[in-house]
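Chain by chain, the residues run as shown.
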Amino acid sequence: FQLVDDLLDFTAVRSDLGKPVMADLLEGRVTLPIILLLRRVDGRTRDRLADVVSSASFDAISEEEVLQMVRTSGVLDEVRERASAYSAEAAEKARKAKAKETEKLRKAAEEKAKAEARARQDAEEKARREAAKAEKERLEELEKQQRAAAKAEAERQRQLEAKAKAEADAKRAAEEARMKELKAQ
């Protein structure tokens, strides 16, 4: 941007630029076109250009003469080429930065997807463990109930057997008593 602004100081029309042409030079700012021009002119012309910077006026050399030297020396083309090169370099760096950021975002999304998959697997594994634990507890409770039922059934059988034996003993005792009675008669 700065190089293009420096170019405009020598190529634009005063009304388009919004400031006087060569305002940077009059304000003591030596821009790239002037630096390049100083390398191409003789010592006397260099001194006259330095006078413009120090006096903030075109007394030592005319504005038109400076513009003519800048426009005919090839410095404007060199500044344009540098601006174009910097622009291309900036565009390439922006492209690389965008590609790097895109890759970073892709990797982050991939890592997030992996983390979510691991979380799902962990949740599924936890659910399986909890289901297995609940099934084990249900089976243990069922087994406990079956043991209790078997114990109750065994107790009922023992009581039936005891009752049957008591009845048989009572019947036998009654029969023995009846037999004694019959014998006694």
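Residues numbered from 1 in each chain as written. Predicted model: local features only at pLDDT ≥ 70, side-chain atom pairs only at ≥ 80, totals over all residues. Heavy atoms only, no water.

The number of helices and strands found in the protein is 7 helices and 0 strands. Ordering the α and β elements of the protein from the N terminus gives α-α-α-α-α-α-α. Taken against the 2.2 N^0.38 rule, which gives 16 Å for 185 residues, the C-alpha radius of gyration of the protein at 55 Å runs more than 25% over that of a compact globule. When its C-alpha atoms are laid out on the principal axes, the protein stretches across 175 × 25 × 25 Å. Summing over all exposed atoms, the protein offers an accessible surface of approximately 13,900 Å²; the carbon and sulfur share of this is 54%. (Helix = DSSP H or I, 4+ residues; strand = E, 2+ residues; numbered from the N terminus. Rg over C-alpha atoms; globule rule 2.2 N^0.38 Å. Areas by Shrake-Rupley, 256 points an atom, 1.4 Å probe, with all protein chains shown as cover.)

Ranked by internal contacts, the top residues of the largest apolar core, which has 23 residues, are F10, M22, I34, L37, V66 and V70. Those elements that provide at least two residues to this core are α1 (2-11), α4 (32-38), α5 (43-55), α6 (63-72) and α7 (75-184). Residue contacts for V70: discarding those within four places in its chain leaves F10, I34, L37, V75 and L76. (Core = buried A, V, L, I, M, F, W, Y, C linked by side-chain atoms within 4.5 Å. Buried < 20%, exposed > 50% of the residue type's maximum accessible area, 1.4 Å probe, protein only. Contact = heavy atoms within 4.5 Å.)

Now for the environment of D59. Summarising the element assignment, D59 is placed in the loop between α5 and α6. Along the backbone, D59 and K100 are 41 residues apart, and their C-alpha atoms lie at a distance of 54 Å.

What follows covers the pattern of salt bridges. Tallied over the entire structure, the rule returns 20 salt bridges. One salt bridge connects E153 with R156, and the closest N-O pair in it is separated by 2.7 Å. Taken together, the positions of E153 and R156, both in helix α7 and 3 residues apart, correspond to about one turn of that helix. The exposure class of E153 is partly exposed, given its relative accessible area of 34%. Of the charged contacts in the structure, one is a salt bridge between E155 and R158, with a shortest N-O distance of 2.4 Å. Of the two residues, E155 and R158 both sit in helix α7, 3 residues apart, roughly one turn of that helix. Assessed through its relative accessible area of 46%, R158 is described here as partly exposed. Among the charged side chains, a salt-bridge network with shared partners connects E103, R106, E110, E111 and K114. (Salt bridge = Lys/Arg side-chain N within 4 Å of Asp/Glu carboxyl O.)

For K112, the position within the fold is in helix α7. Taking the C-alpha atoms as reference points, K112 and L182, 70 residues apart in sequence, are found 102 Å from one another.

Take the side chain of R48 next. Its place among the elements puts R48 in helix α5. Only 2.8 Å separates the side chain of R48 from the side chain of E65, close enough to count as a polar contact. Residue contacts for R48: discarding those within four places in its chain leaves A60, I61 and E65. (Polar contact = N/O pair within 3.5 Å; in protein donor to acceptor, adjacent residues only side chain to side chain.)

To continue, consider the confidence of the model for the protein. Here the protein averages 91 in pLDDT, and 96% of its residues register 70 or above. Per-element averaging of pLDDT across the protein places helix α2 (residues 14-17) at the bottom with 59 and α7 at the top with 94. (pLDDT = per-residue confidence, 0-100.)

Moving on, we get to unusual backbone geometry. Phi is positive for A56, close to 60°, though the residue is something other than glycine. Residue placement: A56 occurs in the loop between α5 and α6. Assessed through its relative accessible area of 42%, A56 is described here as partly exposed.

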